[in-house]
Amino acid sequence: MYRQPEFFPRAGIEARVNRWDWALLPLVLAALVLLAWGAAQMAQPYHVGEPLPLTLDPRRLPYYLLRTTLRMALAMLASLAFACVFAVLAAKHRAAERMLVPLLDILQSIPILGFLAITVTGFIALFPGSLLGVECAAIFAIFTSQAWNMAFSLYQSLRTVPTELQEAARVLRLSAWQRFWRLELPFAMPALLWNMMMSMSGGWFFVVASEAISVSNQSIKLPGVGSYIALAIETRDLAAIGWAIAAMAAGIALYDQLLFRPLVAWADKFRFEESGGDAVPRSWLLAWLRRAHGVQAVAARGVRLFERSLAAWPLAYDGTSIRARSRAASPRLQRALDALIAAAALYALWRLAVFVHADVGLAEVGRVLVLGLFTLARVLVLIALAALVWVPVGVWIGLNPRWAGRLQVLAQFLAAFPANLLFPLAVVAIVHWRLNPDIWLSPLMVLGTQWYILFNVIAGASGIPTELRYAAGNLGLAGWLEWRRWLLPAIFPSFVTGAITASGGSWNASIVAEYVSWGDTTLMAQGLGSYIAQMTAKGDFARVALGIGVMCTYVIALNHLVWRRLYRLAEDRMHF
């Protein structure tokens, strides 16, 4: 009779535990102690109005870095779970796709300040007398800067799984649960990992707004790198800003070495072809873990438990049989769903009309729509310029895995660099040379969002099949012909994903880029972002809601008229 192997066989425990396990043990224990202590600090007693100690002493930065990295890790886990649920529902169910994709367009266009204004009071009410409520609000704000990019990436990957792989899954009788874990998630893993890096960097970009929270006319600055940066900007302390940059770089390097680099090296096995030599991604931590016999035993145990879950929902029939054919949606159910969506849209329009007539007036709506056109022009021009610069760079990095590993940390740091830290330079330069803020504040919008294009293009280029590269070389393709015949079609789906998220991020960034302050000097560019920032500073909720509503309208229209059509083009004609 077959016996399940023990976790550590008693006779062989000395042989299994080696020097690598003993070297790893203190590091694991230290990490667990730090996590437990940081989590305890996040649940301390607190009442709104009490001052939280915050200082610019650089010796406190390691503690602030721990608090910030914990918030970002929790937000990343929540974003990953959200991305999986959203992508599966939207990619597999047509009715869900018609509701979820526009909903995601709306969510990614709502500024982070809007999420905080809506949710912070509710989170505080959930945990009265505890700092955990404010911490949850900050984590949720970071989540809103990470989740949409990951969800779009996974959704696009599930929509573009090669037909031959889908047919193989049907022949092998994989159930929906098995297909997700055996085929779809492994296929999406390389692109998902690069977008996880980008989402983590996006969290750093918005960490200042996430940790400095206003509620009930009270300003709450949670201990963290973001609050440290906000305090340094308020006091014009350039030395403190330098220390904050160093701490942020240390945090990014830790995340890269301890999380993303091992994951990238591990996920290399999900490629559909073998790559050898120096092109194989490497990680010292992953190599260490593979040498540790005890860690391998624990991992094997977990894999066995996971494989049991895969066998829990088997498909009872061949995936190519008649029973496996998808049933056509009921026309009555489809009409009912369309009627429900139309009724909801009409109700929303009616409530909007009442709100506009009672609180702001039609003249204000027209003014805000015009301001939205200014911001729209900036977004389109900046995305086009960013694409011209970063698409060739991303393709080159993706086709040279050796350089991809070397530039990974640098790309993450540049993507995470908060635009707030460049405000002093921008304000001083514009005032000194008397430049036009409408033009020269615009680049600040794309500083943090252009990297969505780069990271997605790198992911798309790194997944190009080797035989396609050999075929292009044998045919002598070069110059524009090479780009037009195979490079652009190969990376086009990934580029569209990056452009969508970069566009939504640029609209979001317009709130801080069109209304810039450094001490008592404020510069403003005409646009929807500066309008929302001004109304937020004044506490005019009606006009803040109007600005956010108009921004959502522009983003949805741009996505529907431009990006969704490019998505369909990528699925139909530009997919290998």
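Since the model is a prediction, treat every value here as computed from it, not as a measurement. In this numbering scheme, every chain counts its residues from 1 along its sequence in written order. Under the rules for a predicted model, residues below a pLDDT of 70 receive no local features and side-chain atom pairs below 80 are neither given nor counted, while totals for whole chains, interfaces and linings still include all residues. The side-chain figures draw on all heavy atoms in the structure; neither hydrogens nor water molecules are used.

S.K.: Could you give an account of the overall build of the chain, with specific residues and numbers?
M.R.: When helices and strands are tallied, the chain shows 24 helices and four strands. Looking at the chain residue by residue over its 576 residues, the buried ones come to 46%. Contacts are assigned to residue pairs that have any heavy atoms within 4.5 Å of one another. Partitioning the contacts of the chain with sequence separation of at least 6, the portion at a separation of at least 24 is 80%. Approximately 28,900 Å² of the chain is accessible, and the part contributed by carbon and sulfur atoms is 66%. The helix and strand labels rest on DSSP assignments: H or I over at least four residues marks a helix, E over at least two residues marks a strand, and numbering proceeds from the N terminus. We call a residue buried when its accessible area falls under 20% of the maximum for its residue type, exposed when it is over 50%, and partly exposed in between, using a 1.4 Å probe and counting protein chains only. To be clear on the numbers: accessible area is Shrake-Rupley with a 1.4 Å probe, and residue cover counts the displayed protein chains and nothing else.

S.K.: Account for helix 20 (residues 450-462), naming residues and giving values.
M.R.: By this rule, a helix spans an expected 1.5 Å times one less than how many residues it contains. Across its 13 residues, helix 20 extends 19 Å between first and last C-alpha, which sits within 8% of the 18 Å expected from 1.5 Å per residue. For helix 20, a buried count of 13 out of 13 residues is recorded, marking the element as mostly surrounded by other parts of the structure.

S.K.: Explain the pattern of salt bridges to me, using residue names and the numbers behind them.
M.R.: One side-chain nitrogen of Lys or Arg within 4 Å of one carboxyl oxygen of Asp or Glu is enough to make a salt bridge. Within the structure shown, the criterion is met by 11 salt bridges. Counted as one network, the salt bridges with shared partners bring together R67, R71, E135 and E211.

S.K.: Lay out a nonpolar patch on the surface in plain terms, naming residues and giving numbers.
M.R.: Patch construction takes residues with relative accessible area above 30% that form no salt bridge. Like charges are linked within 9 Å, and nonpolar side chains (Val, Leu, Ile, Met, Phe, Trp, Tyr) are linked within 5 Å. Where nonpolar side chains cluster on the molecular surface, the patch consists of W22, L25, V28, L29, L32 and L35 and spans about 590 Å² of accessible area. When you line up the elements, L32 lands in helix 2 (residues 19-42). What makes L32 exposed here is its relative accessible area of 51%.

S.K.: Tell me about the nonpolar core, and please be specific about residues and values.
M.R.: We define a nonpolar core as any set of buried Ala, Val, Leu, Ile, Met, Phe, Trp, Tyr and Cys residues linked to one another through side-chain atoms lying within 4.5 Å. W204, V391, I453, F455, I464, F495 and W507 are the most contacted members of the largest nonpolar core, which has 132 residues in total. Sort the elements by how many residues they give to this core and helix 3 (residues 61-92) lands first, with 14 residues.

S.K.: Could you give an account of empty space enclosed by the protein, naming the residues involved and the relevant values?
M.R.: Space inside and on the surface of the protein is sampled on a 1 Å grid over the protein atoms alone, with a cavity defined as a set of points where a 1.4 Å probe fits but cannot get out and a pocket as an open set with protein on both sides within 12 Å along at least 5 of 7 lines; lining residues have an atom within 4 Å of a point. Grid points are joined across faces, edges and corners, and a volume is the space filled by probe spheres set on the points. Following the criterion strictly, the structure yields two cavities of 30 Å³ or more and no others. Reported here for the largest cavity is a volume of approximately 170 Å³. As for the largest cavity, its lining consists of 16 residues, of which T144, S145, W148, Y452 and N508 are closest to the centre. For the lining of the largest cavity, the elements supplying multiple residues, two or more each, are helix 4 (94-109), helix 5 (112-126), helix 6 (132-159) and helix 22 (479-513). Residue polarity follows a fixed list, in which Ala, Val, Leu, Ile, Met, Phe, Trp, Tyr, Cys and Pro are nonpolar, Asp, Glu, Lys and Arg are charged, and the others, Gly among them, are polar. Considering only residue class, the lining of the largest cavity consists of eight nonpolar, eight polar and no charged. Residue lining of the second largest cavity: M198, G202, F205, F206, G448, T449, Y452 and G505, and that is the complete set. Ranked by the residues each element gives to the lining of the second largest cavity, the list is headed by helix 8 (residues 176-205), at three residues. Considered class by class, the residues forming the lining of the second largest cavity number four nonpolar, four polar and no charged.

S.K.: How would you summarise helix 12 (residues 284-291) if you had to cite specific residues and measurements?
M.R.: Looking only at helix 12, the buried set comprises L285, L286 and W288. The buried residues of helix 12 occupy an angular sector of 160 degrees when the element is viewed end-on, so they sit on one face. Tucked inside the fold, the buried residues of helix 12 contact helix 2 and helix 11 (238-267). This arc is built from the directions going out from the helix axis to the C-beta atoms.

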